[in-house]
Amino acid sequence: EAREAASKVRAMAERGENPQAKLEREATAGTGTVKAIADEYLEKYVKRAHLRTDRKIRQTIEMYIIPRLGNRAAASVSRRDVVALMEHILPKAKSKRGHETGGPEAARTAKQVLHRMFEWACRQDILAANPVSGVVDPFKMVTRDRVLTMEELRAIWRASFTLEYPFGPLYRLLLLTGCRRGEWAGAKWSWLDQVAGELHIPAESYKTGKAHIVALTHPALETLAGLTRWNGGDHLFSGTNGEFSLSGFSRGKKRLGKAVEAELGRPLVNWRPHDFRRSVATHLRRLGVDRHVVKRVLGHAERDVTATYDRYNLLAEARTALELWAKALIPSEGEIVQRPNIASAADQLK
């Protein structure tokens, strides 16, 4: 069958016809196109599986995959097409709304989503082979290693109080718990046990696919107590009366950056909110906290065989570690915080 198909393609080429164009013409009413497979994949797999990354998968397909490959017959997509897609996404750009698009991370995500989508299509006997298999990234991902100093972290803590809801409290909770931004941004009141001092994140909303409990220290509970309780939805942080989770993070980062610059007297360079998480882990180790406890604070999945049998969750140890961290982060009442003397600086300029 393969030889017969190859003979037909060769004959078309000898007649001056484009075999790939013919394949695309034969894709009837979208059947067999990349878009048709994407629609089916989203409906029959992503939606039914209740994937935590549902929104990201949909955005990647709609923003990057469909515009470039949507009308193509899926069977005609080659490795070269996949590499060309990644090369197209690689340069960073601005969307019509002013949002940043593209970049190495977006290109890598597009390849992953396309690979999983085609792999699903192969299992459903829609495609004979996955063209993404074996494609190597045309770039090297650089691992970030930025660890914020205690001076910087304390300045961020103080600066967060100059930001109103939702970003001020959100940044304080990120500093206090070492959680991922999305975990607090998507958190719900129904996950919160204020009596026990715990946030219970269900498996479907956590990166590892397993339920996770975040230990809440006194400063974290105080921060939560000051939040607005929405009557339209269950989300802790929202701009839509609690109905949907928080968005617009770039605006919040920009506001925090300006506030921190006022605290430090200099710009906070080369930073992202995710650096809080790396910094919390690093400083916990500096304070003498065991690596296994730090891993529990961060919610990293255990990969070794022992984890299959050892079900102790180290929650008490994680709470003790975070209490130690809160004391190191938040200046005590008797501690004098050095702030830049703006008035004095202005006098000197005069």
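Residues numbered from 1 in each chain as written. Predicted model: local features only at pLDDT ≥ 70, side-chain atom pairs only at ≥ 80, totals over all residues. Heavy atoms only, no water.

1. Some details on the overall build of the protein
Defined as follows: Helix and strand definitions here come from DSSP, where helices need a minimum of 4 consecutive H or I residues and strands a minimum of 2 consecutive E residues; each element is numbered from the N-terminal end. Burial classes: relative accessible area under 20% of the type maximum marks a residue as buried, over 50% as exposed, and values in between as partly exposed (1.4 Å probe, protein chains only). The contact definition used throughout considers only heavy atoms, calling two residues in contact when any of these lie within 4.5 Å. Here the accessible surface of atoms and residues is derived via Shrake-Rupley with a 1.4 Å probe, and residues count as covered only by protein chains that are part of the display.
Regarding its fold elements, the protein presents 16 helices and 5 strands. Residue burial in the protein is summarised as follows: out of 350 residues, 40% are buried. Pairs at least 24 residues apart make up 63% of the contacts formed inside the protein by residues separated by at least 6 positions. Split by element, the accessible area of the protein, about 20,800 Å² in all, is 51% carbon and sulfur.

2. Side note on the packing of aromatic side chains
Which entries qualify depends on this criterion: Only centres within 6.5 Å qualify two rings of Phe, Tyr or Trp (six-membered ring in Trp) as a pair; their planes then separate them into stacked at under 30 degrees, edge-to-face at over 60, and tilted for everything else. Charge-over-ring placement is defined geometrically: NZ (Lys) or CZ (Arg) within 6 Å of the ring centre, and within 35 degrees of the ring normal.
For the structure shown, the criterion picks out 8 aromatic pairs. Taken together, a centroid distance of 5.5 Å and an interplanar angle of 75 degrees make the contact between Trp157 and Phe161 edge-to-face. The buried category is assigned to Trp157, whose relative accessible area is 7%. Aromatic side chains Tyr165 and Phe237 sit 5.9 Å apart centroid to centroid with 15 degrees between the ring planes, which places their arrangement in the stacked category. In this pair, Tyr165 sits in the loop between α7 (150-160) and α8 (167-177) while Phe237 sits in the loop between α10 (218-225) and α11 (249-264), placing the two residues 72 residues apart along the sequence. A residue is classified by how much of its surface remains accessible, and Tyr165, at 27% relative accessible area, is partly exposed. For Phe237, a relative accessible area of 0% puts it in the buried group. The ring centre of Phe249 lies 3.9 Å from the NZ or CZ of Arg181, which sits over that ring.

3. Observations regarding unusual backbone geometry
For the bond running from Tyr165 to Pro166, omega is 10 degrees, close enough to zero to count as cis. One can find Pro166 in the loop between α7 and α8. Unlike most non-glycine residues, Asn241 shows phi in positive territory, near 60 degrees. Mapped onto the secondary structure, Asn241 falls in the loop between α10 and α11. On the basis of relative accessibility, which here comes to 32%, the residue Asn241 falls in the partly exposed class.

4. Details of the packing of α7 against helix α12 (residues 274-286)
Applied cut-off: Lines are fitted to the C-alpha atoms to define the axes, a helix being fitted only along its stretch in contact, and any angle between axes, read from their N-to-C directions, falls within 0 to 180 degrees. Here is the rule for angles: anything less than 35 degrees is roughly parallel, anything more than 145 is roughly antiparallel, 65 through 115 is roughly perpendicular, and the remaining ranges are oblique. The crossing is said to be left-handed when, going from far helix to near helix, the turn is anticlockwise and less than a right angle, and right-handed when the turn is clockwise.
Running from amino to carboxyl end, α7 crosses α12 at an angle of 125 degrees, the nearest separation of the two axes being 11 Å. In terms of orientation, α7 lies oblique with respect to α12. As α7 runs across α12, the sense of the crossing is left-handed. On α12, the residues touching Met150, Leu153 and Ile156 of α7 are Phe276, Ser279, His283 and Arg286.

5. A closer look at the environment of Glu204
Positionally, Glu204 belongs in the loop between β4 (198-201) and β5 (212-215). Among the residues examined, Glu204 registers a relative accessible area of 49% and is labelled partly exposed. Residues Glu204 and Leu51, 153 residues apart in the sequence, show an inter-C-alpha distance of 6.7 Å. Aside from chain neighbours lying at most four places away, what touches Glu204 is His50 and Arg52.

6. Here's the deal with the environment of Arg116
Residue position: Arg116 is located in helix α6 (residues 104-123). Linking Arg116 and Tyr41, residues 75 residues apart in sequence, is a C-alpha distance of 9.5 Å.

7. Examining the nonpolar core
Nonpolar side chains tend to gather and get buried jointly when the protein is soluble and globular. How we decide: The definition of a nonpolar core used throughout is a set of buried Ala, Val, Leu, Ile, Met, Phe, Trp, Tyr and Cys residues joined through side-chain atoms within 4.5 Å.
By size, the foremost hydrophobic cluster in this structure holds 58 residues, and its most contacted members are Trp184, Leu199, Leu256 and Phe276. No other element matches helix α15 (residues 315-329), which puts 8 residues into this core. Those residues in contact with Leu199, other than ones at most four positions away along the chain, are Trp184, Ala187, Lys188, Trp191, Leu192, His212, Ile213, Val214 and Leu216. Val34, Leu69, Ala106 and Ala121 belong to the second-largest nonpolar core, a separate cluster that totals 30 residues.

8. Looking at helix α5 (residues 79-89)
To keep things clear, this is the line we draw: Directions are taken from the helix axis to each C-beta atom, and the arc is the one they span.
Burial in α5 covers these residues: Asp81, Val82, Leu85, Met86 and Ile89. End-on view of α5: buried residues confined to an arc of 140 degrees, all on one side of the axis. Those residues of α5 that are exposed and aimed more than 90 degrees away from the buried face are Arg79 and Arg80. Lining the buried residues of α5 we find α4 (54-69) and α6.

9. Describing the packing of α4 against α6
Running from amino to carboxyl end, α4 crosses α6 at an angle of 90 degrees, the nearest separation of the two axes being 10 Å. Regarding the angle of α4 to α6, the classification is roughly perpendicular. Of α6, the residues touching α4 (which contributes Lys56, Ile57, Thr60, Ile61, Tyr64, Ile65 and Leu69) are Ala106, Thr109, Ala110, Val113, Leu114 and Met117.

Limitation: the analysis is restricted to geometry and does not speak to function.
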